[in-house]
Structures are given as structure tokens and as C-alpha cells.
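Structural overview
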Amino acid sequence: QVQLVESGGGLAQPGGSLRLSCAASGLIFDRYPMGWYRQAPGKQRELVASITPGGRTNYADSMKGRFTISRDSPKNTVYLQMNSLKFEDTAVYYCSSGWSWTYWGQGTQVTVSS
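Here is a short report on the structure shown in this document. (Residues numbered from 1 in each chain as written. Predicted model: local features only at pLDDT ≥ 70, side-chain atom pairs only at ≥ 80, totals over all residues. Heavy atoms only, no water.)

**Digging into the state of the cysteines**
- Counted under the stated rule, the structure contains one disulfide.
- Disulfide pairing places Cys 22 opposite Cys 95 at an S-S distance of 2.0 Å. What sets the handedness of the Cys 22 and Cys 95 disulfide is the S-S torsion sign, and at about -80° it is left-handed. One end of the pair, Cys 22, is in strand S3 (residues 18-25); the other, Cys 95, is in strand S9 (residues 91-97), with 73 residues separating them in the sequence. The residues Cys 22 and Cys 95 share a single accessibility class, namely buried. (Disulfide = S-S within 2.5 Å. Helix = DSSP H or I, 4+ residues; strand = E, 2+ residues; numbered from the N terminus. Buried < 20%, exposed > 50% of the residue type's maximum accessible area, 1.4 Å probe, protein only.)

**A look at unusual backbone geometry**
- Phi at Ser 84 is positive, roughly 50°, even though this residue is not glycine.
- Secondary-structure assignment places Ser 84 in the loop between strand S8 (77-82) and S9.
- For Ser 84, a relative accessible area of 41% gives the class partly exposed.
- Residues other than glycine seldom take positive phi values, yet Trp 101 does so here, at roughly 55°.
- Among the structural elements, Trp 101 can be located in the loop between S9 and strand S10 (103-104).

**Details of the pattern of salt bridges**
- A full pass over the atoms with the stated rule returns four salt bridges.
- A salt bridge links Arg 38 to Asp 89; its shortest N-O distance comes to 2.9 Å. You can see Arg 38 sitting in strand S4 (residues 34-39) and its partner Asp 89 sitting in the loop between S8 and S9, a full 51 residues away along the chain. Here the two residues Arg 38 and Asp 89 agree in accessibility, since each one is buried.
- A salt bridge links Arg 66 to Asp 89, with the shortest nitrogen-to-oxygen separation between them at 2.8 Å. Here the residue Arg 66 occupies a position in the loop between strand S6 (57-59) and strand S7 (67-72), and Asp 89 occupies one in the loop between S8 and S9, the gap between them amounting to 23 residues. You'll find Arg 66 and Asp 89 in the same group, each marked buried.
- Salt bridges sharing common partners tie together Arg 38, Glu 46, Arg 66 and Asp 89. (Salt bridge = Lys/Arg side-chain N within 4 Å of Asp/Glu carboxyl O.)

Given below as C-alpha cells:
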């Protein structure tokens, strides 16, 4: 039973920071890529960032330079460090895993507001 559990969401001010965590279980963590997606109300789900087992990262253009994805294999956890947050970053953020993005977490709400 594969399970992905996100945490760390909440309220942040514009220009502030949050760090999201995704704890994975039920799979061999370091054999699969991990990704973060987000979905805002009325919008399609979009890729935020991904990281391969070898540590290669990829970011959506709007997140480059502001967000950083990383993974901690001993803890079976992937992180998303979000800096310089904007109102437009408000969304539910989802953790995903698998070479075809087979597995998904339930999401964690991020709200950026003054």
C-alpha cells in the first residue's frame, strides 16, 4: 500500500516562505522520481517541480529561482522549499511519485495573503 502524506501547508505573507514535506511509504523511495503539483480553484493541476532518483531537478518556469525541491532518502521524504511567495502561489499542493505519476497524496493547502 503506497501512501504519500503532505504536510507544512498553511498561511504565509507575500514574500514569505514555507517548506512542504511529503512522507512516502509502501515503495522503495529512491527508485522513483518525486514531484510536486499544485491546483488553484478553477485552474488545471500543474507541475511545480520534480526530482529524479539521481537528484536531477526540474521546475516550472514561474517557480525557478524561488522554489527548491529536495529529497532525504533515509527519511523517505521529499521537500519543497518555497521562498518569495506570491499571491498567485495560493493552491492545494500535491505530492506525487512514480515514473508515470501513479501515486498521489491528498494535498496540503497553501494560502498567500496579506
